[in-house]
Amino acid sequence: MIPIARPVMTSQEKEKVLEVMESGMLAAGSYVEEFARKFADYSGTAFGVATSSGTTALHAALEAAGIGAGDKVITTPFTFIASSNSILYTGAKPVFVDVDPLTYNIDPKEIRKALEADPTIKAIMIVHLYGLLCDMEEIMRIVDEYDLILIEDAAQSHGAEFKGQRAGSFGQLAAFSFYPTKNMTTGEGGIILTQQEELADRAARLINHGQSERYYHDELGYNYRMTNLAAAIGLAQLERLDDYNAKRRANAKFFDEAFAELDWLRTPLEPTGYRHVYHQYTVKVPRRDQFAAHLKENGIGYGIHYPLPVTEQPFYKELGYGKVDFPVTQKLCREVVSLPVHPALTEMELTTIAEVVKSF
Ligand SMILES: *Cc1c(COP(=O)(O)O)cnc(C)c1O
């Protein structure tokens, strides 16, 4: 079986983790600070606050931005559930809008429609799906026009670029995940990025029980801290992120060429000016379930990202979200399938995957 994801752990990770173990400083400390600084620097922001996961980073980022009960936040139904769950945690209400049929990212035209229908909307949470940045030109224009708070869910887009600007540096705040299947990992982990010191301070307090000084707590906060053990893995991984992303891009190019002749399969789009980092290499096929069965029979791991619009998950339906149709998302949920594209794939494995796909 060729797995859909396979994190790479080298002697660099092992040595760093051992260093932390021997230091005795296992929880938050200097490794976390160094990792947060370096990841923020890599992504082009002034501040980074490392967290226990991508989900906790999203939740704390929203709260740091002042989002809470009664607020409305536009987001996409075609994403991992953590994006909109984090909005629900704050007491705010997600307002879902459909995605673009070519990029699968949130559709700016639909954002405008939602804002025209409801001018009380306060923020947008965009998701750079599969490693491709959203339409940042048009989204930044809308954000300025309507004076909105922009939060980036960059959990799938470490190092992705639009016109040389990296994921996580567009919004007031951004959140990344370092789960083992992502472009780089810390085991479990996440980070909040921002250009504004005040927001960074607020986020740092929120993830540490609202503490300003030892045992002085200014507000209700959480324990969402990253550990030094996780940061040690992250420091080693960050050194190789560019290599990993280059390998992902080379693997994607190999597939693009191998599948160019298949008129029944649509490969991922990389519009001009964008640098896709292929967190997933997701193709669109009409008979998806048969195609997925064919992959499985032939030992190719795959993922369905995602089989249901968020709005059709049972508890979202209970909240009353199931009634609105998102035709583009609904169709994608029936047609998408992600192939292995991770940097640990061998040339043999790449060739096998391409042959199995072509033999369908
Ligand atoms: C992985 C992911 C998250 C959540 O990250 P965790 O670290 O698993 O909590 C959020 N949003 C998107 C789009 C993701 O892919």
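Our structure's up above, just so we're on the same page.
Scope of this entry: the structure provided in the associated data block. This is a predicted model, so every value here is computed, not measured.

**Focus: the overall build of the protein chain**
In step 1: When helices and strands are counted, the protein chain shows 12 helices and 14 strands.
In step 2: When the backbone C-alpha atoms are referred to their principal axes, the protein chain occupies close to 65 × 55 × 40 Å.
In step 3: When each of the 360 residues of the protein chain is scored for burial, the buried share is 56%.
In step 4: Of the contacts made within the protein chain by residues no fewer than 6 positions apart, 71% connect residues no fewer than 24 positions apart.

**Observations concerning the packing of aromatic side chains**
In step 1: With the rule as written, the count across this model stands at 22 aromatic pairs.
In step 2: Consider the rings of Phe96 and Tyr316, whose centres lie 6.0 Å apart with planes at 75°: the pair is edge-to-face. With Phe96 in strand β3 (residues 93-96) and Tyr316 in helix α10 (residues 314-318), this pair connects stretches of sequence that are 220 residues apart. Per residue, the accessibility class of Phe96 equals that of Tyr316, and both read buried.
In step 3: Where Phe255 meets Tyr281, the ring centres are 5.2 Å apart and the plane angle is 50°; that geometry is what we call tilted.

**Brief notes about the sheet that holds β3**
In step 1: Across the sheet, which stays open at both edges, the 7 strands sit in the order β1-β9-β8-β5-β4-β2-β3 with mixed pairing between neighbours. The open sheet has two edge strands with one neighbour each: β1 (47-51) and β3. Looking at each pair of strands side by side, their axes are set apart by 25° on average, direction ignored.
In step 2: In the sheet, strand β8 (residues 173-177) pairs with strand β9 (residues 190-194) via 4 bridges, with the strands oriented antiparallel.

**Comments concerning the pairing of strand β13 (residues 281-284)**
Successive side chains on a regular strand alternate, one facing one side of the sheet and the next facing the other.
In step 1: Here β13 shows two buried faces, one formed by Tyr281 and Val283 and the other by Thr282 and Lys284.
In step 2: As judged from the 4 bridges shared by β13 and strand β14 (residues 336-339), these two strands associate in the antiparallel manner. Residue pairing across strands places Val283 opposite Val337, the latter belonging to β14.

**Some words on the sheet that holds strand β7 (residues 165-166)**
Whether parallel or antiparallel, the strands of a sheet pair through hydrogen bonds between backbone atoms.
In step 1: Spatial ordering of the open sheet is given by β7-β6-β12, a layout of 3 strands whose pairing is antiparallel. Across the chains shown, the open sheet's two edge strands, defined by having one partner strand only, are β7 and β12 (274-275).

**Quick word on the packing of helix α3 (residues 54-64) against helix α4 (residues 82-89)**
Geometry of a packed helix pair, given as the angle between the helix axes and the separation of the axes.
In step 1: The geometry of α3 relative to α4 is characterised by a closest axis approach of 9 Å and an angle of 45° between their N-to-C directions. When the interaxial angle is binned, α3 and α4 end up oblique. Here the hand of the crossing between α3 and α4 comes out right-handed. For the pair formed by α3 and α4, the contact residues are Thr55, Leu58, His59 and Leu62 on the first element and Ala82, Ser83, Ser86, Ile87 and Tyr89 on the second.
In step 2: The class makeup of the residues in the contact of α3 with α4 is 5 nonpolar, 4 polar and no charged.

**Here's the deal with the nonpolar core**
In step 1: With 50 residues, the main nonpolar core has Phe35, Phe39, Ile74, Ile111, Met136, Ile139 and Phe176 as its most contacted residues.
In step 2: Mapped by element, the contributors of at least two residues to this core are α1 (11-23), α2 (30-43), α5 (108-117), β4 (123-127), α6 (136-146), β8, β9 and α8 (228-259).
In step 3: If near-sequence neighbours (up to four positions away) are discounted, Ile74 is found in contact with Val95, Val97, Ile106, Ile111, Ala114, Leu115, Ile121, Ala123, Ile124 and Met125.
In step 4: Counting residues in each nonpolar core, the second largest holds 25 residues, with Leu58, Leu62, Ile67 and Ile149 among its members.

**Comments concerning α3**
The α-helix advances 3.6 residues per turn, and as a result positions three or four apart in sequence lie on the same side.
In step 1: Of all the 11 residues making up α3, 10 are buried; the element is thus mostly covered by neighbouring parts of the structure.
In step 2: Taken together, the buried positions of α3 are Gly54, Thr56, Ala57, Leu58, His59, Ala60, Ala61, Leu62, Glu63 and Ala64.
In step 3: Put simply, Ser53 is the residue that caps the front of α3, since its side-chain oxygen is 3.2 Å from the backbone nitrogen of Thr55.

**Examining the pattern of salt bridges**
In step 1: Scanning the model with the defined rule gives 19 salt bridges in all.
In step 2: Put simply, Arg112 and Glu138 hold a salt bridge, and the shortest N to O gap is 3.1 Å. Of this pair, Arg112 sits in helix α5 while Glu138 sits in helix α6, and the two are 26 residues apart along the sequence.
In step 3: A network of salt bridges, in which partner residues are shared, links Arg112, Glu138, Arg141 and Glu145.

**What about the pairing of β8?**
In step 1: Across the 5 residues that make up β8, a large majority, 5, are buried.
In step 2: As judged from the 3 bridges shared by strand β5 (residues 149-153) and β8, these two strands associate in the parallel manner. Bridge assignment links Asp153 to a residue of β8, and that residue is Ala175.

Reading the values: the criteria
Residues numbered from 1 in each chain as written. Predicted model: local features only at pLDDT ≥ 70, side-chain atom pairs only at ≥ 80, totals over all residues. Heavy atoms only, no water. Helix = DSSP H or I, 4+ residues; strand = E, 2+ residues; numbered from the N terminus. Buried < 20%, exposed > 50% of the residue type's maximum accessible area, 1.4 Å probe, protein only. Contact = heavy atoms within 4.5 Å. Phe/Tyr/Trp six-rings, centres within 6.5 Å; stacked < 30°, edge-to-face > 60°. Pairing = 2+ DSSP bridges. Axes fitted to C-alpha atoms, helices over the stretch in contact; angles between N-to-C directions. Parallel < 35°, antiparallel > 145°, perpendicular 65-115°, else oblique. Left-handed = near helix turned anticlockwise from the far one by under 90°. Nonpolar A, V, L, I, M, F, W, Y, C, P; charged D, E, K, R; others polar. Core = buried A, V, L, I, M, F, W, Y, C linked by side-chain atoms within 4.5 Å. Polar contact = N/O pair within 3.5 Å; in protein donor to acceptor, adjacent residues only side chain to side chain. Salt bridge = Lys/Arg side-chain N within 4 Å of Asp/Glu carboxyl O.

Shape is all these values report; function is a separate question.
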